[in-house]
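This is what each chain is made of:
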Amino acid sequence: MGSGQVTSSSELFDFQGKHVTVAGLGVSGVPAAKVLHARGAVVTVVNDGDDARAREQAAELEALGITVRLGDGSTLPEGTELIVTAPGWQPDKPLFLAARAAGVPVWGDVELAWRLRGPDAAPWLAVTGTNGKTTTVQMLAAILRAAGLRTAAVGNIGVSLLDAVLGEEEYDVLAVELSSYQLHWAPSLRAHSAAVLNLAPDHLDWHGSMEAYARDKGRIYEGNRVACVYNAADKATEDLVREADVEEGCRAIGFTLGAPGPSELGVVDGILVDRAFVENRQRNAQELAEVSDIDPPAPHNIANALAAAALARAFGVPAGAVRDGLRAFRPDAHRIAHVADIDGVAYVDDSKATNTHAAEASLAAYEPIVWIAGGLAKGATFDEMVAKSAKRLRAVVLIGADRGLIRDALARHAPEVPVVDLDRTDTGAMLQAVTEAKRLARPGDTVLLAPACASMDMFTNYNQRGDAFAAAVRELGA
């Protein structure tokens, strides 16, 4: 890890009279436009869409004196000095290519929030990774609250960063979830401490390559002051720490599901143990909590808890608060959520497992499994996941547009596993899928919805997909 200069809050951008283009309406664009306008910027909003919702948002902004261009998100408005973009807009859009050619900087909403922080702003404990970000940030916030600190889970979750930074509520520290999209557009972000939980192929259509995806994730470590937390089981995360330019004295802290070495957190005989933030870490260790304090105690969730604990300990939180925070934490819906037990079979909703890495972690938590999978593959391949999980599978029920990719992987790596291929993508397919899974399951099995795919071919989002699964389970159990 190198040592570099950190952008200070004194280098804040003066927006008065600046011509700023906001790219995209929606969750981040509308508040960004309002904030910039209030600070004296001359704001133009550009948006690809021109539907009823966009026109409604445009009318709201135009009433304030903000210019809005609907149906044209590609043309760089004349005189633009800065672009603030919604995080999902791809870097190769013509708007950004034109900005690069003209030397116009591009920020995301996270960068804007970072630049608008006051001189006494709360430090950020930041989390990214392919999977587990939301759960880890919520665990971290619970631990920080248990330590008596004023905090909130913000960023790609819950409270927006702009609201957290500019609102009236005062915080001691913020638990910040950051996506690869957000990090791509946040060049000057400098966290107190940060964690990359894991890296697996995802959003490659947006980033262009695995290398670019990893590079954007690694931005979270730049300028860290106290700790760069990495996954000892995922060498790519440690490599990102090695490449990071951090403040002098910042430490690399690993987490592992095994016994921890010095400067690591890990697990010994069902106990979460800290050998990083203790005196004489070569010999000493601090007990933090029991695995049974984690809900649910699936392997990937234990890893999330260790990462959250590492960030909290980097901020000086005592061991007792780690235990109390983990005990208080409850996972969101659709994250390995137990729905019901029917005739000795457990039904578990992990609709949030929208990629192969998340689904593989979910499959590793149960055995034997009747697996419900399928949806939009987003360019993913399934051979590695199926090969690793084959021995756990009792049967598989496939739904969704790209189910054939999973079916082919099963034929190659688990030919003995029975497969039901439901040739339908309507929302009613979930009831049939659960009915087939119930027929195939035996007492002691788990029927697991872990699709390994996105949901938009059949559902509005993964929440609706999980709700459909839970409703089908309840209907069959009635």
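Trainee: What's the story with the nonpolar core in this structure? I'm lost.
Mentor: Considering soluble globular proteins, one finds that nonpolar side chains tend to be buried as a cluster. Among the nonpolar cores identified, the biggest contains 55 residues, and F15, L36, V45, L112, L174, L178 and Y221 are the most heavily contacted of them. Here the element with the most residues in this core is helix α1 (residues 26-38); it accounts for five residues. Residues within four places of L36 in sequence aside, it is in contact with F15, V20, V22, A41, V43, V84 and L112. By size, the runner-up hydrophobic cluster in this structure holds 45 residues, among which are L140, L144, I302 and A310.

Trainee: Help me out: how do you make sense of the pattern of salt bridges in this one?
Mentor: Under the counting rule described, the total for this entry stands at 25 salt bridges. The closest approach of N and O atoms between D48 and K93, which form a salt bridge, is 2.9 Å. On the criterion of sequence distance, the pair formed by D48 in the loop between β3 (42-47) and α2 (52-62) and K93 in the loop between β5 (82-85) and α3 (94-102) is long-range, its members being 45 residues apart. Accessibility expressed as a relative area gives 16% for K93, which makes it buried. One salt bridge in this structure joins E111 and R115, with 2.8 Å as the shortest N-O distance. In this pair, E111 and R115 are both assigned in helix α4 (residues 109-115), four residues apart and thus about one turn of the helix distant. Since its relative accessible area comes to 0%, E111 is described here as buried.

Trainee: When you look at the sheet that holds β5 in this model, what are you seeing that I'm missing?
Mentor: Think of a sheet as strands paired side by side through backbone hydrogen bonds, with each pair either parallel or antiparallel. Spatially, five strands are ordered β4-β3-β2-β5-β6 in an open sheet, and the strand pairing comes out parallel. Since the sheet does not close on itself, it has two edges, and those belong to β4 (67-70) and β6 (106-108), each with one partner. For this sheet the average axis-to-axis angle between neighbouring strands, irrespective of direction, equals 25 degrees. Here β5 runs beside β6; their pairing, made up of three bridges, is parallel. Residue T85 lies in a different strand from β6, and its bridge partner there is G108. Together, β3 and β4 form the strand contacts of α2, whose direction differs from that of β4 by roughly 165 degrees. Lying on the sheet, α3 is in contact with β2 (19-23), β3, β5 and β6; it crosses β5 at an angle near 150 degrees.

Trainee: Is there a simple way to explain the side chain of D349 in this structure?
Mentor: Among the secondary structure elements, D349 is positioned in strand β18 (residues 345-349). Despite its burial, D349 remains without a salt bridge, the nearest opposite charge being carried by R465 at 7.1 Å. At a separation of 2.9 Å, a polar atom in the side chain of D349 contacts the main-chain amide nitrogen of S351. Sequence-distant contacts of D349, defined by excluding residues within four places in its chain, comprise H334, R335, I336, A337, V339, L449, G466 and F469.

Trainee: Mind showing me how you'd approach the state of the cysteines here?
Mentor: Formally, a disulfide is one covalent bond, and it connects the sulfur atom of one cysteine to the sulfur atom of another. Taken as a whole and assessed by the stated rule, the structure comprises zero disulfides. No disulfide involves C250; its sulfur sits 3.8 Å from the nearest other cysteine sulfur, which is in C228.

Trainee: Is there a simple way to think about the packing of helix α16 (residues 429-440) against helix α17 (residues 462-477) in this case?
Mentor: Helix-helix packing is described using two parameters, namely the angle between the two axes and the distance between the axes. The geometry of α16 relative to α17 is characterised by a closest axis approach of 9 Å and an angle of 50 degrees between their N-to-C directions. One finds that α16 runs oblique with respect to α17. The way α16 lies across α17 gives a crossing that is right-handed. Here α16 contributes M430, L431, V434, T435 and K438 to the contact with α17, which in turn contributes R465, A468, F469, A472, V473, E475 and L476.

Definitions and limits used
Residues numbered from 1 in each chain as written. Predicted model: local features only at pLDDT ≥ 70, side-chain atom pairs only at ≥ 80, totals over all residues. Heavy atoms only, no water. Core = buried A, V, L, I, M, F, W, Y, C linked by side-chain atoms within 4.5 Å. Buried < 20%, exposed > 50% of the residue type's maximum accessible area, 1.4 Å probe, protein only. Helix = DSSP H or I, 4+ residues; strand = E, 2+ residues; numbered from the N terminus. Contact = heavy atoms within 4.5 Å. Salt bridge = Lys/Arg side-chain N within 4 Å of Asp/Glu carboxyl O. Pairing = 2+ DSSP bridges. Axes fitted to C-alpha atoms, helices over the stretch in contact; angles between N-to-C directions. Lys, Arg positive; Asp, Glu negative; His and termini not counted. Polar contact = N/O pair within 3.5 Å; in protein donor to acceptor, adjacent residues only side chain to side chain. Disulfide = S-S within 2.5 Å. Parallel < 35°, antiparallel > 145°, perpendicular 65-115°, else oblique. Left-handed = near helix turned anticlockwise from the far one by under 90°.

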